[in-house]
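# Breakdown of the fold
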Amino acid sequence: MTTVADRVTRIQPSPSTTAAARAKELRAAGRDILDLTVGEPDLDTPDAVKQAAIAAILAGDTKYTPVNGTPALRRAVADRYLRRDGLDYGDKEIAVGGGAKQVIFLALTATVNAGTEVIVPAPYWVSYPDMVRANDGTPVVVDCGEGDGFKLTPAALSPAITERTRWVILNAPANPTGAAYTADELRALALVLRRHPDVLVLVDEIYDEIWYDATPPATLLTVAPDLRDRVLTVNGVSKSYAMTGWRLGYGVGPAWLITAINTLQSHSSSCPSSISQAAAVAALTGDQSVIGEMVDIYRERRDLVVKLLNDVPGLRCTPPQGAFYLWVNCAGAIGAVTPGGQTLRTDADVVLYLLEHAGVAAIQGAAYGASPYFRISFATSTDVLERAGDRIADALTALT
């Protein structure tokens, strides 16, 4: 009999990937489906970035690179943090991987053993808990409710830490809520973390450039630089530069951890794509106005879908500060009855009803550890968003 390792049976396929695949299946079967599941910009990679990749190919830069990235990319990453946070990272403090996801996974692989606990604030990105489980650890999910802005508070963090805690994960701006921490909120969390010097902090900032407020988001190390030796900050080019398919992410952190990450990568993928690295250098060092232009488009879409869905009976949502997701409270629809006579008892029921009755694909809040909510992505065209809003409104109005 063929069997797989226990680490595989402990985890589930990504709910967002599964939802997107289902939407594609229905489309292939002839259904008119508006897919709002995938966190992928519909905007194109900037031309200057594409040209840099083409130039690298023509120049023959198609060989293996150092495990931790080309010198040019490491300089670009270091310069970014020096400009933004005033922090100077050396080569031994920089990891480059096949997307931010790989860097996070390898960081957990390098540090998590059986029985190790990782604190995961909920709502969470769907992969965090299963990444922990895949590495034999135990995710400790801490509920962060709507009243706290879906953010981890000192009062919630402190009792969650035990002698087995290895990591606290902070994702801001967050997927799925778009929430981010203020400087004062981060200072308060830092006070708790200082009482537990063996606890590491994984700061996932993949959406930091997709930000709608006038003031840039606060970062943990700008308010608590003394924590630097135990903070891994992870980012990448996928979201900010519309480069999801290029698979290029990076992390900065203490040398001992970066060395472990790079050692693991040397035996798994050897190094990231040389062409993607050349493109990432162009993205990070080139004209940054392209980001502002993209953010302006996302802001218009955000404002549109917030208005559309807040006008729908049974739904409620707050404009996200960052990222390109809308986290929709559907408590008002729970208990309602569909035209077919089914009672909607969970957010999964609501999402399935929207898919089957309205042809709109979303992702249930339970996948992110919080109910009753659902997530939609507004990283798609205004036309699709307007039609989806109309369909959702019609579907919810039809409930009794």
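Look a little higher up for the structure.
What comes next concerns the included structure. Predicted model only: the values in this text are computed from it and were never measured.

This part is about the pattern of salt bridges. Two side chains with opposite charge may pair up if their charged atoms get near one another. Counted under the stated rule, the structure contains 25 salt bridges. Members of the salt-bridge network, linked through shared partners, are Arg-80, Arg-84, Asp-85, Glu-205, Asp-208 and Glu-209.

Another point: the side chain of Arg-230. Along the chain, Arg-230 turns up in the loop between helix H9 (220–223) and strand S7 (231–236). A distance of 2.7 Å separates the side chain of Arg-230 from the backbone oxygen of Leu-193, its partner in a polar contact. Only 2.9 Å separates the side chain of Arg-230 from the backbone oxygen of His-196, close enough to count as a polar contact. In contact with Arg-230, not counting residues within four places along its chain, are Leu-193, Arg-194, His-196, Pro-197, Val-199, Leu-200 and Val-201.

With 131 residues, the main nonpolar core has Trp-167 and Phe-374 as its most contacted residues. The element that contributes the greatest number of residues to this core is helix H12 (residues 289–310), accounting for seven residues. Apart from the residues within four sequence positions on either side, Phe-374 is in contact with Leu-315, Leu-326, Trp-327, Val-328, Cys-330, Val-350, Val-351, Leu-354, Ala-362, Ile-363, Gln-364 and Gly-365. Among the nonpolar cores identified, the runner-up in size contains five residues, and Ala-23, Leu-26, Ile-33 and Leu-355 belong to it.

All right, on to the sheet that holds strand S8 (residues 249–252) then. With respect to topology, seven strands assemble into an open sheet ordered S2-S8-S7-S6-S5-S3-S4, the strand pairing being mixed. Of all the strands in the sheet, just strand S2 (94–97) and strand S4 (138–143) have a single pairing partner and so form its edges. Looking at each pair of strands side by side, their axes are set apart by 20° on average, direction ignored. Relative to S8, S2 runs antiparallel, the two sharing four bridges.

Two elements in contact, H12 and helix H14 (residues 382–397), have axes whose closest approach is 9 Å; the angle formed by their N-to-C orientations is 10°. By the angle between their directions, the pair H12 and H14 is classed as roughly parallel. On the side of H12, the interface is formed by Arg-301, Leu-304, Val-305, Leu-308 and Leu-309, while H14 contributes Thr-382, Leu-385, Glu-386, Gly-389 and Ile-392. Across the contact of H12 with H14, the residue classes break down as six nonpolar, two polar and two charged.

Under the 1.5 Å per step criterion, the end-to-end length of helix H8 (residues 183–194) is 16 Å for 12 residues, consistent within 8% with the ideal 16 Å. Residues of H8 that are buried make contact with helix H7 (154–160), strand S5 (165–171), strand S6 (200–204) and H9.

Here the bond from Ala-122 into Pro-123 is cis, since omega is 10°, no more than 30 degrees from zero. Its place among the elements puts Pro-123 in the loop between strand S3 (117–122) and helix H6 (127–134). For the bond running from Ala-172 to Pro-173, omega is -10°, close enough to zero to count as cis. Looking at the element boundaries, Pro-173 is found in the loop between S5 and H8.

With that settled, consider the sheet that holds strand S13 (residues 373–377). Taken together, the four strands give an open sheet; going across it, the order is S9-S10-S13-S12, and neighbouring strands pair in antiparallel fashion. Each edge of the open sheet is held by one strand with a lone partner, namely strand S9 (316–317) and strand S12 (363–364). Relative to strand S10 (residues 325–329), S9 is paired through two bridges, and the arrangement is antiparallel. Opposite Cys-317, over in S10, you have Val-328 as the bridge partner.

A few words now on the environment of Asp-303. The topology assignment puts Asp-303 in helix H12. On the accessibility criterion, Asp-303 (40% relative accessible area) is partly exposed. Counting along the chain gives 242 residues from Asp-303 to Asp-61, while the straight-line C-alpha distance between them is 43 Å.

Evaluation of the coordinates by the stated rule reveals zero disulfides. Cys-330 supplies the cysteine sulfur nearest to Cys-144, a cysteine that is in no disulfide, at a spacing of 19 Å. Taking relative accessible area as the criterion, Cys-144 reaches 4% and is therefore assigned buried.

Each value, and the rule that gives it
The numbers attached to residues start from 1 for each chain and follow its sequence in the written order. For a predicted model such as this one, the threshold for reporting local features is a pLDDT of at least 70, and the threshold for listing and counting side-chain atom pairs is 80 or more; totals across whole chains, interfaces and linings nevertheless cover every residue. To obtain the side-chain values, all non-hydrogen atoms of the structure were used and water was disregarded. The rule for a salt bridge is simple: a side-chain nitrogen of Lys or Arg has to be within 4 Å of a carboxyl oxygen of Asp or Glu. A run of DSSP states H or I qualifies as a helix once it reaches four residues; a run of E qualifies as a strand once it reaches two. Both are numbered from the N-terminal end. Polar contacts here mean pairs of N or O atoms no more than 3.5 Å apart (in protein, one a potential hydrogen donor and the other a potential acceptor; neighbouring residues in sequence count only if both atoms are side-chain atoms). For this analysis, residues touch if any pair of their heavy atoms sits within 4.5 Å. The term nonpolar core refers to a set of buried residues drawn from Ala, Val, Leu, Ile, Met, Phe, Trp, Tyr and Cys, joined through side-chain atoms within 4.5 Å. Any residue under 20% of the maximum accessible area for its type is buried, any over 50% is exposed, and the rest in between are partly exposed; the area is computed with a 1.4 Å probe on protein chains only. Here the rule is simple: two strands pair whenever DSSP picks up at least two bridges between them. With axes taken as lines fitted to C-alpha atoms, and helix axes fitted only over the stretch in contact, angles between N-to-C directions fall between 0 and 180 degrees. Any angle that is under 35 degrees is reported as roughly parallel, and any over 145 degrees as roughly antiparallel; angles of 65 to 115 degrees are reported as roughly perpendicular and all others as oblique. Note on residue categories: nonpolar means Ala, Val, Leu, Ile, Met, Phe, Trp, Tyr, Cys or Pro, charged means Asp, Glu, Lys or Arg, and polar means any other residue, Gly included. The length a helix should cover is 1.5 Å for every residue beyond the first. Sulfur atoms of two cysteines make up a disulfide when they are within 2.5 Å.

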